[in-house]
Amino acid sequence: LQTVFKNARATQDPRRREAWVLAQLQSVYAWRGSLVDQLIERYVIPGLNVGHAPGRDALLREARARFDRQVEFAQAHRVREPGMSKVKGGDAFAAFMDREYGIPVTQEVLDGAWADVERAIDTLYKSFQDLRALIRAASSRIAGRPLQFDFAGVRVLAVPDLLLFFRAAPPVIVDWKVHTSGTHDARPQLATYALALGNAKPHRDFPPSWNQWEAGDLRLIEAQLLVDRSREYRIDDEDLTGVEDTIARSAWAMRATLGEGTPPDPFDLPHAHFGEACARCPFRGLCWRPPDEAA
Ligand code: SF4
């Protein structure tokens, strides 16, 4: 449903439009993290690239304006307007999963989300001096760029938050985290980005010498913006083999489920093994519908 079936402009099969709508839904927790990512990707890094990085107060003003626009859009559940798309919604586009499933998103929840956005921006400006110096020193900074490569018969897409290239030092990959707890292990995720950087077709704005380095040379940084902590990882062959194994196993499982030839209707595929996965899944409104209503 997420990768193949959804289609914002589908007219023949209304389930495909419905799958697109549901694919846009986020928890408020995930949304406030993606808002911070957007601010860094669309304001801080482009500003640095032209020598006018916004200061903390300017970024907070932009954050508040964007936060309010997106809350208004999401609370009105405008994702359900006929013909709505991400392009049409622009900077205001946001969709809350609770809103779709009849759970009110209260002012208290929104106030908590704003407090987290504010704290993340404060941490970015008041801490992480070494990381900020590293970002400034880079000869090229590229935020939110998809890296795509083929492996084990599937197309793999990775989107690192920030790539930094240097004239005479290995690239750095930064992943921003807006998690309440800083215990999440980002190593496999960052190792996947390193594998992707080594295998993806380079973008035109990658510097000419970008691929002279081995994956083990890369600096991989997890920057926890809520708990004010950063961790640096260096990966080795074991990490890369682990990532390759995971991708190969997922590819095998997908092929075993889909079979050969014409893909089956997604609604004929087996359901998740664990009920908890469904409880958090944005697609449950479509997936759990009786077959005669889903069509
Ligand atoms: S089976 Fe559950 S987890 Fe899988 S798509 Fe349906 S609702 Fe989501």
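Residues numbered from 1 in each chain as written. Predicted model: local features only at pLDDT ≥ 70, side-chain atom pairs only at ≥ 80, totals over all residues. Heavy atoms only, no water.

> Hey, could you go over the packing of aromatic side chains for me, with residue numbers and the actual values?
Evaluated as defined, the whole model comprises six aromatic pairs. Both rings, one in Trp20 and one in Phe93, keep their centres 6.2 Å apart while their planes meet at 55°; by these two values the pair is tilted. Remark: Phe93 occurs in the loop between α4 (86-89) and α5 (97-100) and Trp20 occurs in helix α1 (residues 14-23); sequence separation between them is 73 residues. Like Trp20, the residue Phe93 is buried in the burial classification. Taken together, a centroid distance of 5.2 Å and an interplanar angle of 75° make the contact between Trp31 and Phe96 edge-to-face. With a gap of 65 residues between them, Trp31 in helix α2 (residues 28-49) and Phe96 in the loop between α4 and α5 connect regions that are remote in the sequence. In this structure, Trp31 and Phe96 share a single accessibility class: buried. One aromatic cluster is present, built from ring pairs that chain together Trp31, Phe67, Phe96 and Trp114. Residue placement shows Arg64 over the ring face of Trp114; its charged tip is 4.6 Å from the ring centre. We note Arg284 situated over the ring of Tyr101; from NZ or CZ to the ring centre the distance is 3.9 Å. (Phe/Tyr/Trp six-rings, centres within 6.5 Å; stacked < 30°, edge-to-face > 60°. Helix = DSSP H or I, 4+ residues; strand = E, 2+ residues; numbered from the N terminus. Buried < 20%, exposed > 50% of the residue type's maximum accessible area, 1.4 Å probe, protein only. Lys NZ or Arg CZ within 6 Å of the ring centre and 35° of its normal.)

> So, the confidence of the model for the protein chain: which residues are in play, and what are the values?
Looking at the protein chain as a whole, the pLDDT averages 89, with 93% of positions reaching at least 70. By mean pLDDT, the top-scoring element of the protein chain is helix α3 (residues 56-75) (97), and the lowest-scoring one is helix α12 (residues 291-294) (54). (pLDDT = per-residue confidence, 0-100.)

> Lay out the nonpolar core in plain terms, naming residues and giving numbers.
With 42 residues, the main nonpolar core has Trp31, Leu131, Leu164, Trp176 and Leu225 as its most contacted residues. If you list the elements that add at least two residues to this core, you get α2, α3, α6 (107-126), α7 (129-137), β4 (162-165), β5 (172-177) and β6 (219-224). A total of nine residues in this core trace back to one element, the largest contributor, which is α2. Non-local contacts of Trp176, meaning those with residues more than four positions away in its chain, are made with Asp37, Ile40, Leu124, Leu131, Ile135, Asp161, Leu162, Ala223 and Leu225. Formed by 29 residues, the second largest nonpolar core is a distinct cluster that contains Val154, Tyr193, Ala215 and Ile235. (Core = buried A, V, L, I, M, F, W, Y, C linked by side-chain atoms within 4.5 Å. Contact = heavy atoms within 4.5 Å.)

> Describe in detail helix α9 (residues 237-258), supporting the description with residues and values.
In this model, α9 (22 residues) spans 31 Å end to end at C-alpha, consistent with the 32 Å of a helix rising 1.5 Å per residue. When α9 is considered as a whole, its buried residues turn out to be Asp239, Leu240, Val243, Ile247 and Ala251. Buried residues in α9, looked at end-on, bunch into an arc of 105°, giving them a common side. Exposed and oriented more than 90 degrees from the buried face of α9 are Asp237, Glu238, Arg249, Trp252 and Ala256. Its buried side turned inward, α9 meets β2 (147-151), β3 (154-158) and α8 (187-199). Taken from the residues just after α9, Gly259 is the one with a positive phi, measuring 70°. (Expected span 1.5 Å × (residues − 1). Arc of directions from axis to C-beta.)

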